[in-house]
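Working through the structure, step by step
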Amino acid sequence: MHEWSLALSVVQAVDKWAREHNVEVKKVVLGVPSISMLDLKVLQEAFDFLKKESRLEAASLEVRVRSPRFKCRKCGYEFGEEEVKAQIEAVAGRYGEEYPLHLMPELVPAFVRCPRCGSHDIEVDAQIRVEEIETT
Ligand SMILES: [Zn+2]
């Protein structure tokens with residue numbers, strides 16, 4: 001159900017923006033980090049349902065899945081998600097449907113340790129964000 005919450009917040013935020021600018025939205029590009037493990041099919045369905053009777057009624061949704069880069073602030077080590085895949089999968093296994101990184105992937109440093117020094121002091125760009133809006 002996280003996909004529905006996310007779709008709702010995207011539709012509401014973009015609709016508000018479109019009303020303020022008096023435009024109709026043709027397309028929304030959403031960037032999501034791979035670690036959020038969202039079901040993109042469900043996200044599309046939710047978007048198509050929730051956009052009705054808004055300025056996004058005719059809009060399509062494009063989702064770009066981004067693979068985040070991590071950097072340890074303690075030892076300076078830079079790494080990709082493949083190096084912490086097992087740790088992230090363990091979090092998903094522990095929380096199941098309540099997987100905390102669905103909606104707040106930027107919380108990943110709380111769950112991941114630097115593969116080199118074990119520190120949690122990790123920098124990562126893992127926000128879900130609206131990257132582009134096309135209007136008519
Ligand atoms: Zn480190």
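A quick note: this is a predicted structure, and the numbers were derived from the prediction, not measured. (Residues numbered from 1 in each chain as written. Predicted model: local features only at pLDDT ≥ 70, side-chain atom pairs only at ≥ 80, totals over all residues. Heavy atoms only, no water.)

1. Some thoughts on the sheet that holds strand β6 (residues 129–135)
As summarised here, the arrangement of the 3 strands in space is β2-β1-β6, forming an open sheet in which the pairing is mixed. The sheet is open, and its two edges are formed by β2 (60–66) and β6, each paired on a single side. Each strand axis lies, on average, 15° off the axis of its neighbour in the sheet, ignoring direction. By the bridge criterion, 7 bridges tie strand β1 (residues 25–33) to β2 in an arrangement that is parallel. Paired with Val29 across the bridge in β2 is Glu62. Sitting on the sheet, helix α1 (residues 2–21) is in contact with β1 and β6, with an inclination near 135° to β1. Strands β1 and β2 of the sheet are contacted by helix α2 (residues 40–50), whose axis makes an angle of about 150° with β2. (Pairing = 2+ DSSP bridges. Helix = DSSP H or I, 4+ residues; strand = E, 2+ residues; numbered from the N terminus. Axes fitted to C-alpha atoms, helices over the stretch in contact; angles between N-to-C directions. Contact = heavy atoms within 4.5 Å.)

2. A short note on α1
Here α1 spans 29 Å end to end across 20 residues, near enough to the 28 Å set by a 1.5 Å rise per residue. For α1, every residue scored as buried is listed here: His2, Glu3, Leu6, Ala7, Val10, Val11, Val14, Asp15 and Ala18. Positive phi appears at Asn22, one or two residues downstream of α1, with a value of about 50°. (Expected span 1.5 Å × (residues − 1). Buried < 20%, exposed > 50% of the residue type's maximum accessible area, 1.4 Å probe, protein only.)

3. Examining the sheet that holds strand β5 (residues 122–124)
Read from one edge of the open sheet, 3 strands run β4-β3-β5, paired in antiparallel fashion. Bordering the open sheet on either side are β4 (78–80) and β5, each of which pairs with just one other strand. Strand-to-strand twist of the sheet, defined as the mean angle between neighbouring strand axes without regard to direction, takes the value 30°. Where strand β3 (residues 69–72) meets β4, 3 bridges bridge the pair, whose relative direction is antiparallel. The residue bridging Arg69 from the neighbouring strand is Gly80, located in β4.

4. Concerning the pairing of β3
The alternating pattern of β3 places Phe70 and Cys72 on a buried face, while none of Arg69 and Lys71, on the opposite face, is buried. Remark: 5 residues form the turn of the hairpin made by β3 and β4, two consecutive strands paired antiparallel; Gly76 in that turn has positive phi of roughly 80°. Here β3 pairs with β5 via 3 bridges, running antiparallel. Along β5, the bridge assignment pairs Phe70 with Val124.

5. Quick word on α2
Taken together, the buried positions of α2 are occupied by Leu43, Ala46 and Phe47. Taken around the axis of α2, the buried residues stretch over an arc of 100°, which confines them to a single face. By the N-cap criterion, in which a side-chain oxygen at the helix start approaches the backbone nitrogen of a residue two or three places on, α2 is capped by Asp39, the distance to Lys41 being 3.1 Å. (Arc of directions from axis to C-beta. Polar contact = N/O pair within 3.5 Å; in protein donor to acceptor, adjacent residues only side chain to side chain.)

6. Section: the coordination of the zinc ion
Binding of the zinc ion to the protein goes through Cys72 (SG), Cys75 (SG), Cys114 (SG) and Cys117 (SG), at separations of 2.3 Å. Motif for the zinc ion, donor spacing along one chain: C-x2-C-x38-C-x2-C. Taken together, the residues span a long stretch of sequence, with Cys75 in the loop between β3 and β4 and Cys117 in the loop between α3 (85–95) and β5 at a distance of 42 residues. With relative accessibility at 32%, the residue Cys75 sits in the partly exposed group. (Donors = N, O, S within 2.8 Å, 3.2 Å for Na, K, Ca; no water.)

7. A few points about the packing of aromatic side chains
For the coordinates displayed, the defined rule picks out 4 aromatic pairs. Arranged with centres 5.6 Å apart and planes meeting at 20°, the rings of Tyr77 and Phe79 form a pair that is stacked. Grouping residues by exposure puts Tyr77 and Phe79 together as buried. Look at Tyr95 and Phe111: their rings are 5.9 Å apart centre to centre, the planes differ by 85°, and that puts the pair in the edge-to-face class. Of this pair, Tyr95 sits in helix α3 while Phe111 sits in the loop between α3 and β5, and the two are 16 residues apart along the sequence. Here the aromatic residues Phe70, Tyr77 and Phe79 are joined through ring pairs into a cluster of three or more. (Phe/Tyr/Trp six-rings, centres within 6.5 Å; stacked < 30°, edge-to-face > 60°.)

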